[in-house]
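# An overview of the molecular structure
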Amino acid sequence: MKLLEERILKDGNVLGEGILKVDSFLTHQVDFELMQEIGKVFAEKYKDVGITKVVTIEASGIAPAIYAAQALNVPMIFAKKHKNITMTEGILTAEVYSFTKQVTSTVSIAGKFLQEDDVVLIVDDFLANGQAAKGLLEIIQQAGATVAGVGIVIEKSFQTGRALLEEAGVPVTSLARIQEFKDNTVVFTEADA
Ligand code: 5GP
């Protein structure tokens, strides 16, 4: 997605250890117009497979996921990273190791929001080693629902996430794919949309 690649080049900052900071439009301050365009691209890609829910993980997945859900006209559910006393029954959980925070946390979705006949599009901000998406896959499988694909805003193709998801038989659609960080600038490889 050209618009996204241009924005990454303009406003992204390469930090050490393979991390890209995009807090001016995606992970902290959010550019809703860009997110809406991103949502439309995901929706266009998955419009014919009968998506019934969009699932993401808090917090930075929520912005692209809500616009994908709007464009597909289906509900958006975000997995919670912290236990909540109001979540009392039928909770589906998975352990997720966070690449950026370097801690393992239990993420959860209330079972009542996912049914066996649901066809789910997973959306997330970044794909690094695929642990967040894998956790969501596990939760959706616990519900007996189907995952039609994973929509990623920024994939770091030099990490193992895509291989992990493709091995699990899940199609991945990444709107920007980073091949490497060279002299602190981003080098893209061809994206999926
Ligand atoms: P994974 O689970 O695929 O290893 O990592 C994906 C998660 O880690 C994303 O949800 C995102 O929150 C975070 N993440 C991974 N790499 C980056 C990065 O380069 N920059 C930012 N801002 N977040 C990242």
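Residues numbered from 1 in each chain as written. Predicted model: local features only at pLDDT ≥ 70, side-chain atom pairs only at ≥ 80, totals over all residues. Heavy atoms only, no water.

So, about the packing of helix α1 (residues 2–11) against helix α2 (residues 32–46). With their axes 10 Å apart at the nearest point, α1 and α2 run at an angle of 140° to one another. Crossing handedness for the pair α1 and α2: left-handed. For the pair α1 and α2, the contacting residues are Leu3, Leu4 and Arg7 in the first and Leu34, Glu37 and Ile38 in the second. Looking at the contact of α1 with α2, its residues break down into four nonpolar, no polar and two charged. (Axes fitted to C-alpha atoms, helices over the stretch in contact; angles between N-to-C directions. Helix = DSSP H or I, 4+ residues; strand = E, 2+ residues; numbered from the N terminus. Left-handed = near helix turned anticlockwise from the far one by under 90°. Contact = heavy atoms within 4.5 Å. Nonpolar A, V, L, I, M, F, W, Y, C, P; charged D, E, K, R; others polar.)

As a further point, take the layout of surface pockets. Roughly 820 Å³ of internal volume is contained in the largest pocket. Along the walls of the largest pocket sit 33 residues, with Lys81, Ser98, Thr100, Lys101 and Asp125 positioned nearest its centre. Counting residues per element, the ones that place at least two in the lining of the largest pocket are β2 (19–21), β5 (91–97), β7 (119–127) and α4 (131–142). In terms of residues, the lining of the largest pocket owes the most to one element, β7, which gives four residues. The residue makeup of the lining of the largest pocket, split by class, is 15 nonpolar, ten polar and eight charged. (1 Å grid on protein atoms, 1.4 Å probe; cavity = no way out; pocket = protein on both sides within 12 Å on 5 of 7 lines; lining within 4 Å. Points joined across faces, edges and corners; volume = space filled by probe spheres on them.)

What follows concerns the site of the ligand. The immediate surroundings of the ligand are formed by 16 residues, with Leu20, Ala128, Asn129, Gly130 and Ala132 found nearest. A distance of 2.7 Å is found between a nitrogen atom of the ligand and a backbone nitrogen or oxygen belonging to leucine 20. The fraction of the free accessible surface of the ligand (500 Å²) that becomes covered by protein chains is 88%. A molecule is said to occupy a pocket when more than half its atoms come within 2 Å of that pocket's grid points, and by this definition the ligand occupies the largest pocket. Elements with a minimum of two residues in the shell around the ligand: β2, β7 and α4. In terms of residues, the shell around the ligand owes the most to one element, β7, which gives four residues. A class-by-class count of the residues in the shell around the ligand yields seven nonpolar, six polar and three charged. (Near = heavy atom within 4 Å. Polar contact = N/O pair within 3.5 Å; in protein donor to acceptor, adjacent residues only side chain to side chain. Areas by Shrake-Rupley, 256 points an atom, 1.4 Å probe, with all protein chains shown as cover. Sits in = over half its atoms within 2 Å of the grid points.)

Nonpolar side chains in soluble globular proteins generally cluster together in the buried interior. Counting residues in hydrophobic clusters, the biggest one holds 35 residues, and the most contacted among them are Leu4, Ile8, Leu20, Ile38 and Ile154. Contributing elements (two or more residues each) for this core: α1, α2, α3 (62–72), β7, β8 (146–156), β9 (172–182) and β10 (185–189). Those residues in contact with leucine 4 that lie beyond four places of it in its chain are Phe25, Leu34, Ile38, Val153, Leu175 and Ala176. Listed in part, the 26 residues of the second largest apolar core include Val96, Val107, Ile109 and Val147. (Core = buried A, V, L, I, M, F, W, Y, C linked by side-chain atoms within 4.5 Å. Buried < 20%, exposed > 50% of the residue type's maximum accessible area, 1.4 Å probe, protein only.)

On to the UniProt feature "binding site: 5-phospho-alpha-D-ribose 1-diphosphate" (unreviewed entry) in the protein chain. Using the residue numbers shown here, the UniProt feature "binding site: 5-phospho-alpha-D-ribose 1-diphosphate" (unreviewed entry) corresponds to Ala128, Asn129, Gly130, Gln131 and Ala132. Lining the largest pocket, from the residues named above, are Ala128, Asn129, Gly130, Gln131 and Ala132. Position of alanine 128 among the secondary structure elements: in the loop between β7 and α4. Residues within four places of alanine 128 in sequence aside, it is in contact with Phe99, Lys156, Gln159, Thr160 and Gly161. Residue placement: glutamine 131 occurs in helix α4. Look at glutamine 131 and you get partly exposed, because its relative accessible area is 25%. (UniProt positions renumbered as here; feature names shortened; annotations may be inferred.)

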